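This is what each chain is made of:
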Amino acid sequence: MLGEIHEECGVFGIYNNDEINCAHETYLSLYALQHRGQASCGIAVNNSRIIDCYKNTGIVPEVLTQNVIKELSDKGNAKMALGHVRYSNSKEEVNSFNSQPFVMSYSNGSLSIVNNGSLVNTRKVCEELENKGAVFQTSSDAELIAYIVARERLKTDSIEKAVSSAMEKIEGAYSFLMMTPSKLVAVRDPYGFRPLCIGKLKNSYVFSSESCVFDTIGAEFVRDVEPGEIVFVNEKGLNSIKEHCGKKHSLCIFEHVYFARQDSVIDGVSVHAARQAAGRYLAQQKPVEADVVIGVPDAGIDAAVGYASQSGIPYELGFIKNRYIGRTLIQDKQSIREKSVRIKLNPIASVVKDKKVVLVDDSIVRGTTIGVIVSLLRKAGAKEVHLRISSPAFLNPCYFGTNVKSKECLIACRYDNNIEELCKYIGADSLEYLSVENLKRIAKNSKCEFCDACFTGNYPIEVEADKKDKFSQRIDEYNLTGQIKLEESF
Ligand code: SF4
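Below you will find a few notes about this structure. Keep in mind that this is a model prediction, so the values were computed, not measured.

Observations concerning the packing of helix 5 (residues 141-153) against helix 6 (residues 159-169)
Helix-helix packing is characterised by the crossing angle of the two axes and by the distance between the axes.
So, point 1. Axis separation between helix 5 and helix 6 bottoms out at 8 Å; the angle between their running directions is 125°. By the angle class used here, helix 5 and helix 6 are oblique. Considering the relative orientation of helix 5 and helix 6, their crossing is right-handed. Contact residues: Ile148, Val149, Glu152 and Arg153 in helix 5; Ile159, Ala162, Val163, Ser165, Ala166 and Lys169 in helix 6.
So, point 2. Class assignment for the residues of the contact of helix 5 with helix 6 results in six nonpolar, one polar and three charged.

Points about the nonpolar core
So, point 1. Judged by nonpolar contacts, the single largest core of 40 residues is most densely connected at Phe254, Val293, Tyr307, Val360 and Ile442.
So, point 2. Going through the elements one at a time, strand 14 (251-252), helix 8 (254-259), helix 9 (271-285), helix 10 (299-311), strand 20 (356-361) and helix 17 (453-456) are the ones with two or more residues in this core.
So, point 3. Those residues in contact with tyrosine 307 that sit more than four places away from it in its chain are Gly279, Arg280, Leu282, Ala283, Lys286, Pro287, Val288, Val293, Ile313, Val358, Val360 and Arg388.

A short note on the sheet that holds strand 11 (residues 220-224)
So, point 1. Ordered in space as 3-2-4-1-10-9-11, the seven strands form an open sheet in which the pairing is antiparallel. The sheet is open, and its two edges are formed by strand 3 (50-57) and strand 11, each paired on a single side. Direction aside, the axes of adjacent strands within the sheet are offset by 15° on average.
So, point 2. Of the pairings in the sheet, the one linking strand 1 (residues 9-15) to strand 10 (residues 204-208) comprises four bridges and is antiparallel in character. Bridge assignment links phenylalanine 12 to a residue of strand 10, and that residue is serine 208.
So, point 3. On top of the sheet, helix 1 (residues 22-32) reaches strand 1, strand 2 (40-47), strand 4 (80-86) and strand 9 (197-201); it is set at about 25° to strand 4, its chief contact.
So, point 4. The sheet strands contacting helix 3 (residues 66-73) are strand 2 and strand 3, and the helix crosses strand 2 at an angle near 20°.

Observations concerning the pattern of salt bridges
So, point 1. Under the definition given, this model contains 19 salt bridges.
So, point 2. Close ionic contact of aspartate 224 with lysine 447 constitutes a salt bridge, the shortest N to O distance being 3.8 Å. Note that aspartate 224 is positioned in strand 11 and lysine 447 in the loop between helix 16 (436-439) and strand 23 (450-451), a separation of 223 residues in sequence.
So, point 3. Within the structure, one salt-bridge network assembled from shared partners comprises Arg36, Arg194, Glu210 and Glu255.

Here we look at the pairing of strand 12 (residues 230-234)
So, point 1. When you tally the buried positions in strand 12, you get five out of five residues, the bulk of the element.
So, point 2. Alternating positions in strand 12 separate into two faces, Ile230, Phe232 and Asn234 on one and Val231 and Val233 on the other, with burial throughout.
So, point 3. Direction of pairing for strand 8 (residues 184-188) relative to strand 12: antiparallel, over a ladder of four bridges. Looking at strand 12, one finds that leucine 184 is bridged to valine 233.

Here we look at unusual backbone geometry
So, point 1. Proline 101 follows glutamine 100 through a cis peptide bond whose omega is 5°.
So, point 2. Considering the arrangement of structural elements, one finds proline 101 in the loop between strand 4 and strand 5 (102-106).
So, point 3. At the junction of proline 297 and aspartate 298, the peptide bond is cis and its omega measures out at -5° in the coordinates.
So, point 4. As for its placement among the helices and strands, aspartate 298 is situated in the loop between strand 17 (292-295) and helix 10.

Considerations on the side chain of threonine 180
So, point 1. Within the secondary structure layout, threonine 180 lies in the loop between strand 7 (172-179) and strand 8.
So, point 2. Sequence-distant contacts of threonine 180, that is, excluding residues within four places in its chain, are made with Asn46, Met80, Ser110, Leu111 and Ile159.

Looking at the sheet that holds strand 6 (residues 109-119)
So, point 1. Spatially, the six strands line up as an open sheet ordered 5-6-7-8-12-13, and their pairing is antiparallel. Across the chains shown, the open sheet's two edge strands, defined by having one partner strand only, are strand 5 and strand 13 (237-241). Averaged over all pairs of adjacent strands, the angle between their axes in this sheet comes to 20°, without regard to strand direction.
So, point 2. For strand 12 and strand 13, the ladder comprises five bridges, and the chain directions are antiparallel. In the sheet register, phenylalanine 232 faces strand 13, and the bridge partner there is asparagine 239.
So, point 3. Each of strand 5, strand 6 and strand 7 is contacted by helix 5, which is oriented at about 135° to strand 6, the strand it contacts most.

Comments concerning helix 1
So, point 1. Within helix 1, eight of the 11 residues are buried, which leaves the element mostly enclosed by the surrounding structure.
So, point 2. Along helix 1, the residues that are buried comprise Cys22, Ala23, Glu25, Thr26, Tyr27, Ser29, Leu30 and Ala32.
So, point 3. The N-capping residue of helix 1, defined by a side-chain oxygen 3.3 Å from the backbone nitrogen of alanine 23, is asparagine 21.

Things to note about the packing of aromatic side chains
So, point 1. As enumerated under the stated definition, the model contains 15 aromatic pairs in all.
So, point 2. With centroids separated by 5.6 Å and ring planes inclined at 40°, the aromatic side chains of tyrosine 191 and phenylalanine 193 adopt a geometry described as tilted.
So, point 3. Both rings, one in phenylalanine 254 and one in phenylalanine 259, keep their centres 5.2 Å apart while their planes meet at 75°; by these two values the pair is edge-to-face. An identical accessibility class is assigned to phenylalanine 254 and phenylalanine 259; each is buried.
So, point 4. Grouping aromatic residues by their ring pairs yields a cluster made of Tyr191, Phe193, Tyr399, Phe400 and Tyr459.

Focus: the pairing of strand 20
So, point 1. Of all six residues making up strand 20, five are buried, and the element is well covered by its neighbours.
So, point 2. By the bridge criterion, four bridges tie strand 17 to strand 20 in an arrangement that is parallel. Each residue of the ladder has a partner; that of isoleucine 294, found in strand 20, is leucine 359.
So, point 3. Where strand 20 lies against strand 21 (residues 384-389), six bridges are found, and the strand directions are parallel. Bridge pairing in strand 21 places valine 358 opposite histidine 386.
So, point 4. You can see the chain leave strand 20, run along helix 13 (residues 368-379) and come back into strand 21, and the turn it takes is right-handed.

Points about the environment of threonine 368
So, point 1. Along the chain, the position of threonine 368 falls in helix 13.
So, point 2. A residue is classified by how much of its surface remains accessible, and threonine 368, at 8% relative accessible area, is buried.
So, point 3. Taking the C-alpha atoms as reference points, threonine 368 and tyrosine 425, separated by 57 residues in sequence, lie 9.5 Å from one another.

The rules behind these values
- Residues numbered from 1 in each chain as written.
- Predicted model: local features only at pLDDT ≥ 70, side-chain atom pairs only at ≥ 80, totals over all residues.
- Heavy atoms only, no water.
- Axes fitted to C-alpha atoms, helices over the stretch in contact; angles between N-to-C directions.
- Helix = DSSP H or I, 4+ residues; strand = E, 2+ residues; numbered from the N terminus.
- Parallel < 35°, antiparallel > 145°, perpendicular 65-115°, else oblique.
- Left-handed = near helix turned anticlockwise from the far one by under 90°.
- Contact = heavy atoms within 4.5 Å.
- Nonpolar A, V, L, I, M, F, W, Y, C, P; charged D, E, K, R; others polar.
- Core = buried A, V, L, I, M, F, W, Y, C linked by side-chain atoms within 4.5 Å.
- Buried < 20%, exposed > 50% of the residue type's maximum accessible area, 1.4 Å probe, protein only.
- Pairing = 2+ DSSP bridges.
- Salt bridge = Lys/Arg side-chain N within 4 Å of Asp/Glu carboxyl O.
- Polar contact = N/O pair within 3.5 Å; in protein donor to acceptor, adjacent residues only side chain to side chain.
- Phe/Tyr/Trp six-rings, centres within 6.5 Å; stacked < 30°, edge-to-face > 60°.
- Right-handed = clockwise from strand over helix to strand, strands pointing away.

The following block contains the structure:
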């Protein structure tokens with residue numbers, strides 16, 4: 001799908017019990033999480049209980065230069081660090097207002113937070129707090145969560161109890177890491193929408209959105225944070241509170257289809273294996289006579305291999321992907337997107353010329369990108385192009401931390417889920433989506449059940465969509481001006 005839908009964030013944290021350079025390990029980890037967000041990034045380090053932070057818009061090598069990492073490392077080996085990468089829409093890219101980590105001071109000390117996800121009751125909670133005089137600097141859920149935790153901390157004797165009370169007030173998708181002067185806290189919402197896992201680097205604890213990070217920094221995977229669990233690390237070691245565990249889980253199934261890296265394991269299931277399984281089911285659902293199976297890089301490749309193994313049609317590398325494209329080309333405007341597809345992907349003509357091709361991609365959101373890809377294959381000489389999609393049709397917006405916020409941007413909705421018409425629009429010879437029944441089977445050994453709301457409309461949490469839309473408008477205004485309109489009540 002090449003950039004049509006985006007995960008909104010990746011998080012990393014470390015509690016240092018060794019002589020580890022926290023800033024440097026966090027920097028390496030954010031490199032491994034870059035696929036989860038390219039709009040901004042940042043690192044906060046806790047050095048002798050003082051938190052220093054650097055963040056800005058841009059990808060990791062642009063923002064976290066050697067000088068920045070040196071400066072964050074210069075005061076000695078920090079006790080803790082947090083890191084964050086973020087995706088946002090093009091309006092947000094013009095400033096660093098919502099970049100994370102957030103660092104805030106309050107009467108009990110300082111707090112830093114990084115978050116992945118999106119709350120569904122932001123409007124209600126903000127309204128209540130603003131009516132009591134709260135002032136927010138950003139439109140970010142992370143700031144709101146930190147604010148609530150800080151308030152609750154004044155009523156309790158520990159940060160973990162404050163986090164637990166805060167979890168009673170917030171609802172939605174969140175996987176956050178919080179750093180206090182003496183503790184690192186890792187929290188996954190009770191539904192487990194977004195992944196979060198624990199690793200060990202020598203004697204130190206590390207936390208990450210995805211396990212592929214641990215391979216990058218040489219850490220050992222320990223376990224996933226359970227949905228609803230509050231894990232905290234201090235000088236006494238690692239402990240956890242499970243009083244919010246036990247709800248029906250709703251891990252985002254799209255993590256397996258597209259968001260996560262293929263070399264990650266989420267809640268016990270390999271992303272690579274889940275994608276291959278999707279390809280195998282697709283081949284069973286709609287067999288076709290063809291000469292070659294190719295996949296759209298990156299997320300379509302594994303499913304294409306699965307399709308080939310099930311169908312017996314040979315798999316071949318169909319595209320060369322240019323991986324050296326600057327951020328200016330990865331923008332969310334249709335005309336730029338079409339050009340950027342051509343620059344990003346080039347079909348290998350000798351693989352597709354005069355062949356009947358099965359083309360496998362992970363999903364279709366707006367339909368523009370896949371239409372361009374099909375036409376590139378035809379120009380390269382493909383005789384037939386049979387499109388197979390390793391997820392069901394995208395029919396509903398997501399409110400849990402992705403950029404699909406309305407039905408208007410979903411091509412399957414615009415065509416009323418009429419597959420024949422959609423196939424004509426895309427220019428393919430045939431089109432098949434993975435069925436919802438088969439989607440539910442791709443990660444059948446997962447420790448978590450799944451959210452599939454964008455395909456089925458079955459939202460695990462009640463979402464006040466109209467209110468959410470109003471809040472989105474407000475977010476856009478925040479991001480355009482970088483300022484809060486104080487007179488506005490919403
Ligand atoms: S609605 Fe779709 S993208 Fe959003 S969390 Fe659920 S499965 Fe994931």
